[in-house]
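# A structural walkthrough
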Amino acid sequence: SLVRKWHTMIQAHVDVKTTDGYVVRLFVIAFTERRPDQVSTNCYAQSAQIRKIRKKMMEIMTKEAGTVQLRELVKKLIPESIGKEITKQTRGIF
């Protein structure tokens, strides 16, 4: 299961219009993870950090999906390239 105790779950969704005219609703879910040198058992994000992460996730989804056709969007979703980009961009927030 993806959902775990002692972690923060962050959800976001956005409606994006692809270049060929399709309106796609994308959902993304993210979880906080413990740092390697962390002592405490939980890894909760503060509400301001959650808002920043959610805002960044929505920006990336809009940018990635709004500039391609539906066919290329599906090709991006299969190897999770958008998810890896979100992970890389939000690493500094939490």
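Everything numeric in this text was worked out from a predicted model, so none of it was measured.

## Considering the overall build of the protein
- Looking only at helices and strands, the protein features 3 helices and 2 strands.
- What you see in the protein, going N to C, is helices and strands ordered as β-β-α-α-α.
- Referenced to the eigenvectors of the C-alpha coordinate spread, the extents of the protein come out at roughly 50 × 25 × 20 Å.
- Each of the 94 residues in the protein was classed as buried or not, and the buried ones make up 29%.
- Restricting the contact set of the protein to residue pairs at least 6 apart, pairs at least 24 apart contribute 64%.
- For the protein, the accessible area works out to roughly 6800 Å², and carbon and sulfur atoms hold 54% of it.
- Counting 18 positive and 9 negative side-chain charges, the protein places the centres of these two groups 5 Å from one another.

## Overview of the pairing of strand S2 (residues 23-31)
- Burial along S2 is one-sided: Val24, Leu26, Val28 and Ala30 are buried, while Val23, Arg25, Phe27, Ile29 and Phe31, pointing the other way, are not.
- Direction of pairing for strand S1 (residues 9-17) relative to S2: antiparallel, over a ladder of 9 bridges. Pairing of Lys17 across the sheet is with Val23, part of S2.

## Comments concerning the environment of Ala30
- With respect to the secondary-structure elements, Ala30 resides in strand S2.
- A sequence separation of 22 residues divides Ala30 from Thr8, and the C-alpha atoms of the two residues are 8.3 Å apart.
- Beyond its immediate sequence surroundings of up to four residues, Ala30 is in contact with Thr8, Met9, Ile10 and Met57.

Basis of the calculations
Residues numbered from 1 in each chain as written. Predicted model: local features only at pLDDT ≥ 70, side-chain atom pairs only at ≥ 80, totals over all residues. Heavy atoms only, no water. Helix = DSSP H or I, 4+ residues; strand = E, 2+ residues; numbered from the N terminus. Buried < 20%, exposed > 50% of the residue type's maximum accessible area, 1.4 Å probe, protein only. Contact = heavy atoms within 4.5 Å. Areas by Shrake-Rupley, 256 points an atom, 1.4 Å probe, with all protein chains shown as cover. Lys, Arg positive; Asp, Glu negative; His and termini not counted. Charge placed at Lys NZ, Arg CZ, Asp CG, Glu CD. Pairing = 2+ DSSP bridges.

Structural measurements only, silent on function.
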